[in-house]
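Understanding the architecture of this molecule
Read off the chains here:
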Number of protein chains: 2
Amino acid sequence: MTMNATKNQKAAETRQRILDASLKLFLETGYEQATMRKIAQLSGLTPGATYYHFKTKEHIIFHFYEKSYQDHLEPARATLNNNKALKTRITGLIKTHLDVARPYHQISKALFRVASTPGHPLSPFSEETRELREENISLLREGVNGSSDRIPSGIKDKLPEILWLFKILIIIYWLFDTTPDQEKTDRLVDRSVDLIVRLLAISNLPGMKSFSERLVGLFEEFKPYQ
Amino acid sequence: MTMNATKNQKAAETRQRILDASLKLFLETGYEQATMRKIAQLSGLTPGATYYHFKTKEHIIFHFYEKSYQDHLEPARATLNNNKALKTRITGLIKTHLDVARPYHQISKALFRVASTPGHPLSPFSEETRELREENISLLREGVNGSSDRIPSGIKDKLPEILWLFKILIIIYWLFDTTPDQEKTDRLVDRSVDLIVRLLAISNLPGMKSFSERLVGLFEEFKPYQ
DNA sequence: ACCCCTTTTTGAACGCGTTTAAAAAATACG
DNA sequence: CGTATTTTTTAAACGCGTTCAAAAAGGGGT
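Rules used in this analysis
- Residues numbered from 1 in each chain as written.
- Chains lettered and ligands numbered in written order.
- Predicted model: local features only at pLDDT ≥ 70, side-chain atom pairs only at ≥ 80, totals over all residues.
- Heavy atoms only, no water.
- Phe/Tyr/Trp six-rings, centres within 6.5 Å; stacked < 30°, edge-to-face > 60°.
- Buried < 20%, exposed > 50% of the residue type's maximum accessible area, 1.4 Å probe, protein only.
- Helix = DSSP H or I, 4+ residues; strand = E, 2+ residues; numbered from the N terminus.
- Lys NZ or Arg CZ within 6 Å of the ring centre and 35° of its normal.
- Near = heavy atom within 4 Å.
- Polar contact = N/O pair within 3.5 Å; in protein donor to acceptor, adjacent residues only side chain to side chain.

This next bit is on the packing of aromatic side chains. Applying the stated criterion to the full structure yields 20 aromatic pairs over all chains. Ring centres of Phe 26 of chain B and Tyr 31 of chain B lie 5.4 Å apart, and the angle between their planes is 35°; on these two criteria the pair is classed as tilted. On the basis of relative accessibility, which here comes to 11%, the residue Tyr 31 of chain B falls in the buried class. With 5.3 Å between their ring centres and 80° between their planes, Trp 164 of chain B and Tyr 225 of chain B make a pair best called edge-to-face. Residue Trp 164 of chain B is located in helix α9 (residues 159-176), and its partner Tyr 225 of chain B is located in the segment after α11 (209-222); the two are separated by 61 residues in the primary sequence. This pair shows no difference in class: Trp 164 of chain B is buried, exactly as Tyr 225 of chain B is. Through pairs of rings, three or more aromatic residues link up here, namely Phe 112 and Phe 176 of chain A together with Phe 125, Trp 164 and Tyr 225 of chain B. Stacked on the ring of Tyr 31 of chain B, the Lys or Arg Lys 57 of chain B has its end atom at 4.2 Å from the ring centre.

Right, here's the structure in full:
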């Protein structure tokens with residue numbers, strides 16, 4: 001216990017020093033300009049030592065994605081506690097994440113380039129990122145299950161996963177969004193979640209159920225992970 | 001005229017030699033292993049000379065995307081001539097493209113990594129790729145306008161652009177598809193176009209029109225290009 | 001204090017995409 | 001034909017992410 005803690009202490013500290021240096025350089029100069037040599041230097045290390053702590057440069061930036069997920073949990077939970085309408089809950093879950101990720105907007109583009117390489121370990125669909133994905137889907141499930149909206153039975157179970165993929169698409173849009181503070185994405189979230197909730201409402205009508213269930217079935221069969 | 005033709009002849013030939021060498025190496029060894037030095041050597045050039053003809057390595061691979069678009073035009077037009085149902089027409093336009101692109105499946109992933117870098121000139125939403133994008137949208141417009149289906153008036157005009165974005169998403173799915181010959185993507189095209197056509201049919205019902213028009217309005221306001 | 005084993009760091013190198021100044025080849029023109 | 005201009009090629013270099021064998025540092029057991 002104490003042994004292990006002591007054992008790992010050095011590594012954890014160095015790791016944190018690298019992360020601090022990286023973030024500073026990323027924010028000041030962007031991902032490309034923040035070379036591993038500069039990061040190493042600012043951390044008081046040689047490049048080789050840096051690679052002892054992080055497998056690749058991309059793994060450094062992936063850490064900030066994980067961190068943004070962790071950081072959004074508190075405001076996200078607060079939203080869930082204060083709202084019952086599905087629309088507000090889902091909008092809240094997504095917007096709180098975008099909020100905490102805002103400082104990383106520029107550098108996240110670099111991560112996206114990695115994420116969009118099919119088969120890459122850091123892709124959002126990969127095995128390596130499974131835990132984070134499933135945590136996120138669980139949170140969305142809380143958002144769905146705790147809502148006051150009436151959701152068609154055949155859909156409710158699968159909705160969280162669909163919303164997760166939807167969230168990924170929103171994040172992609174956000175990365176491409178060049179408006180100040182990415183405010184256009186915020187509006188898109190409002191408008192598109194509104195549309196999703198409307199579709200769910202319509203799905204409660206007897207004639208429409210088959211359409212929504214077809215959509216859910218399509219997702220279930222073709223979802224790009226697992 | 002003749003002068004200009006003669007003028008460009010050398011460059012065009014060399015360009016083609018580079019493309020031939022690139023394709024050979026891409027297919028044999030993949031994008032990463034096909035280094036610019038090897039491409040140059042196989043073309044009988046030095047790396048510097050290769051860069052005289054192609055701005056970056058990515059521009060070489062972008063050429064194959066352009067070519068796949070050109071190559072799919074003939075079978076695509078044949079499909080349009082032989083089918084009137086919207087579903088068949090749209091499915092045909094997308095599947096013919098996937099068909100001709102099949103040999104480039106592996107190497108297209110590298111292009112996608114570029115395409116998914118926000119702001120990159122070779123992104124599908126960029127100014128530099130505008131011509132190709134607009135050509136493709138025009139073709140999809142032919143597919144829509146020549147169909148026998150009754151399409152709600154407020155939607156028909158915008159449908160081609162929406163279908164183009166849909167096609168982009170299909171291509172992304174195709175890139176991630178690891179099934180043999182990407183046959184899963186083919187099924188996805190069938191199933192999802194079916195769903196789109198169903199939605200259009202439902203949209204003709206008076207109560208549903210507002211929903212579809214909302215969807216179209218959303219796209220129009222938030223489309224990620226122009 | 002010593003040895004042993006693991007963790008961490010070093011320094012040099014590799015191969016990559018790309019750039020560049022200068023040379024060479026091709027072409028245009030009087 | 002000879003000269004001026006443009007197009008193409010060369011050879012060398014740059015900085016990058018990354019790797020690796022060897023050295024150093026750290027820590028436990030005797």
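Following the structure, the description resumes.
Quick look at the protein's contact with DNA strand C now. Around DNA strand C lies a shell of 17 residues, among which Tyr 52 and His 53 of chain A together with Arg 37, Tyr 51 and Lys 57 of chain B are the nearest. Of all DNA strand C atoms lying within 4 Å of any protein atom, the proportion belonging to sugar or phosphate reaches 53%. In this structure, a phosphate oxygen belonging to DNA strand C sits 3.4 Å away from a main-chain N or O atom of Ala 11 of chain A. Take Arg 37 of chain B: an N or O atom from its side chain is 2.8 Å from a base nitrogen of DNA strand C. Among the elements of the structure, α1 (2-33) and α3 (47-53) of chain A together with α2 (36-42) and α3 (47-53) of chain B are those that each provide at least two residues to the surface near DNA strand C. A total of four residues in the surface near DNA strand C trace back to one element, the largest contributor, which is α3 of chain A.

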